[in-house]
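Per-entry structural report
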Amino acid sequence: MGKRAKRGKTETLALPVAGRVAIGAVAAAALGYGLLSRPASVQPIRKQAAHQAPAPSTPIHVAAPVQVPAQAPVPIPVPAPRIETPAVADAPGKFVRQVVDYVSHQPPGTVVIDTGNTFLYLVLNGGQAVRYGIGVGREGFTWSGEQVVARKTEWPDWRPPAEMISRQPYLPRFMAGGPGNPLGARAMYLGDTEYRIHGTNKPDTIGKRVSSGCIRLTNDDVMDLYDRVKVGAKVIVLPAQAAHRPFPGAPPDAAVSSQEPASPSSRPSAANAQPQSSRPKMADAQ
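Residues numbered from 1 in each chain as written. Predicted model: local features only at pLDDT ≥ 70, side-chain atom pairs only at ≥ 80, totals over all residues. Heavy atoms only, no water.

**Side note on the environment of Ser104**
For clarity, the threshold we go by: Per the convention used, a helix needs a DSSP run of H or I reaching at least four residues, while a strand needs a run of E reaching at least two, with both numbered from the N terminus. Identification of polar contacts relies on pairs of N or O atoms within 3.5 Å, with a donor-acceptor requirement for protein atoms, meaning one able to donate a hydrogen and the other able to accept it, and with residues adjacent in sequence counted only if both atoms are side-chain atoms.
With respect to the element layout, Ser104 can be found in the loop between β1 (98–101) and β2 (111–114). Considered as a pair, Ser104 and Ala129 are 25 residues apart in the sequence and their alpha carbons are 9.0 Å apart. Engagement of the side chain of Ser104 in a polar contact is seen with the backbone nitrogen of Gln106, the distance being 3.0 Å.

**Digging into the nonpolar core**
Selection rule: Residues belong to one nonpolar core when they are buried, are Ala, Val, Leu, Ile, Met, Phe, Trp, Tyr or Cys, and are joined through side-chain atoms within 4.5 Å. Relative accessibility decides the category of a residue: with a 1.4 Å probe and only protein chains considered, values under 20% of the type maximum give buried, values over 50% give exposed, and everything between is partly exposed. Contacts: residue pairs with any heavy atoms within 4.5 Å of one another.
Counting residues in hydrophobic clusters, the biggest one holds 23 residues, and the most contacted among them are Ile113, Leu120, Ile197 and Leu225. For this core, the elements supplying multiple residues, two or more each, are β2, β3 (119–123), β4 (128–133), β6 (143–154), β7 (186–190), α3 (219–228) and β11 (234–238). No other element matches α3, which puts three residues into this core. If sequence neighbours within four positions are ignored, Ile113 has contacts with Phe119, Leu120, Ile134, Ile197, Ile215, Val235, Ile236, Val237 and Leu238.

**A short note on the packing of aromatic side chains**
Heads up, the condition is: Centre distance within 6.5 Å is the pairing criterion for rings of Phe, Tyr and Trp, where only the six-membered ring of Trp is used; planes under 30 degrees apart are then read as stacked, over 60 as edge-to-face, and the remainder as tilted. The criterion for a charge sitting over a ring is simple: Lys NZ or Arg CZ within 6 Å of the ring centre, and within 35 degrees of the ring normal.
Scanning the entire structure with this criterion turns up four aromatic pairs. Measuring from centroid to centroid gives 6.2 Å for Phe119 and Tyr121, while their planes differ by 65 degrees, and the two rings are edge-to-face. Three or more aromatic residues link up through ring pairs in this structure, and these residues are Phe95, Tyr102, Phe119 and Tyr121. Directly above the aromatic system of Phe141 lies the positively charged group of Arg138, at a separation of 4.5 Å from the ring centroid. Sitting above the plane of the Tyr189 ring, Arg151 keeps its charged end 3.8 Å from the centroid.

**Some points on the pattern of salt bridges**
The condition is simple: A pairing counts as a salt bridge when a side-chain nitrogen of Lys or Arg comes within 4 Å of a carboxyl oxygen of Asp or Glu.
All chains considered together, the criterion is met by three salt bridges. Among the salt bridges present, the one from Asp224 reaches Arg228, with a minimum N-O distance of 2.8 Å. Of this pair, Asp224 and Arg228 both sit in helix α3, four residues apart, which is roughly one turn of that helix. By relative accessible area, Asp224 is classed as buried at 18%. Given the relative accessible area of 41%, Arg228 is considered partly exposed. Residues participating in the shared-partner salt-bridge network are Arg97, Asp221, Asp224 and Arg228.

**Details of the side chain of Asp114**
Here Asp114 lies in strand β2. Within the structure, Asp114 has its side chain in polar contact with the side chain of Asn117 (distance 2.9 Å).

**Details of unusual backbone geometry**
With the exception of glycine, the majority of residues adopt a negative phi angle, and the majority of peptide bonds are in the trans configuration. A positive phi angle, near 55 degrees, is found at Thr118, a position not held by glycine. Structurally, Thr118 can be placed in the loop between β2 and β3. A relative accessible area of 3% means that Thr118 is categorised as buried. You will see that Trp155, though not glycine, has its phi angle at about 45 degrees, which is positive. Relative to the helices and strands, Trp155 resides in the loop between β6 and α2 (162–167). Since its relative accessible area comes to 37%, Trp155 is described here as partly exposed.

**Re the confidence of the model for the protein**
How we decide: Each residue carries a pLDDT score, the predictor's own confidence in it, on a scale running from 0 to 100.
Put simply, the protein has an average pLDDT of 73, and 56% of its residues get 70 or more. In this model, residues 81–91 is a region of pLDDT below 50 whose contacts with residues beyond four sequence positions or in other chains number five contacts. Within the model, pLDDT remains below 50 along residues 275–286, and this stretch shows 52 contacts once partners closer than five positions in the same chain are excluded.

**Digging into the pairing of β11**
Inclusion rule: Think of it this way: DSSP has to see at least two bridges between two strands before they count as a pair.
Within β11, four of the five residues are buried, which leaves the element mostly enclosed by the surrounding structure. Bridge count for β2 against β11 is four bridges, and the pairing is parallel. The partner of Val111 across the bridge, within β11, is Val235. Across four bridges, β6 lies against β11 in antiparallel orientation. Each bridged residue has a counterpart across the sheet, and for Gln147 the counterpart in β11 is Val235.

**Examining α3**
Of all the positions in α3, only Asp221, Val222, Asp224, Leu225 and Tyr226 are classed as buried. Buried positions along α3 lie against β3, β4, β6, β7 and β8 (196–198).

**Here's the deal with the side chain of Thr205**
Relative to the helices and strands, Thr205 is located in the loop between β8 and β9 (209–211). A polar atom in the side chain of Thr205 sits 2.7 Å from the backbone oxygen of Lys202. Other than its neighbours up to four places away in sequence, Thr205 contacts Gly135, Thr200, Val210 and Arg216.

Right, here's the structure in full:
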């Protein structure tokens, strides 16, 4: 074979080899470009559970629980029952202010003072009356008769009369009205006398004979009576012996009818009381 034939054969064989190399290079380049242009897959990050603490790098020594001996339950003290102390005015139950059946021939608004039983009645309509417990004059200072309410005063001042000061020189000559005043919260003056229906700062004297002739009530009761009684109202003070009712079921003021003459002109005037002692009329000292 000649040289030209061999050369042609070599070139014919060399061409396919070069093509293969070129194809391989193109394929490799395409593969590399694909790998570079493709986004890397992101692996999801798993969050640690809040209750799972990371494993410590150093061991932790946990102390063994201390055994505490069980204690006996402490009993809870039961509070003592509360005892309410009754008001002083409520201590003697029969002297508590109350509405009672009271048949009387006196008009409503009349005040009847039962000296013997230490009660004051304010006559109402319908055969009833408001009954109050009272303190009355002590021995030698009781009196009876008919008067009227001449005037009314709230928290009255007190000026002991000269006769009282002569017997009790330690008394003040004047005391302004107030809680410490012996005349109490209210006063109703009877006619032109020095007698009064008034309150007291000593409620424990209700139901007793301790005054110098005045009629005393607790401050609560005298304020209630003060609001009910009008100036000019009639006040009947029964004598101590008239406390015994003439017949069963008769009202305390029934004894008045046996002492009053038939003629109204002969009755005691509103300005005159009938003291049951020879002592002069005096204001209340206690």
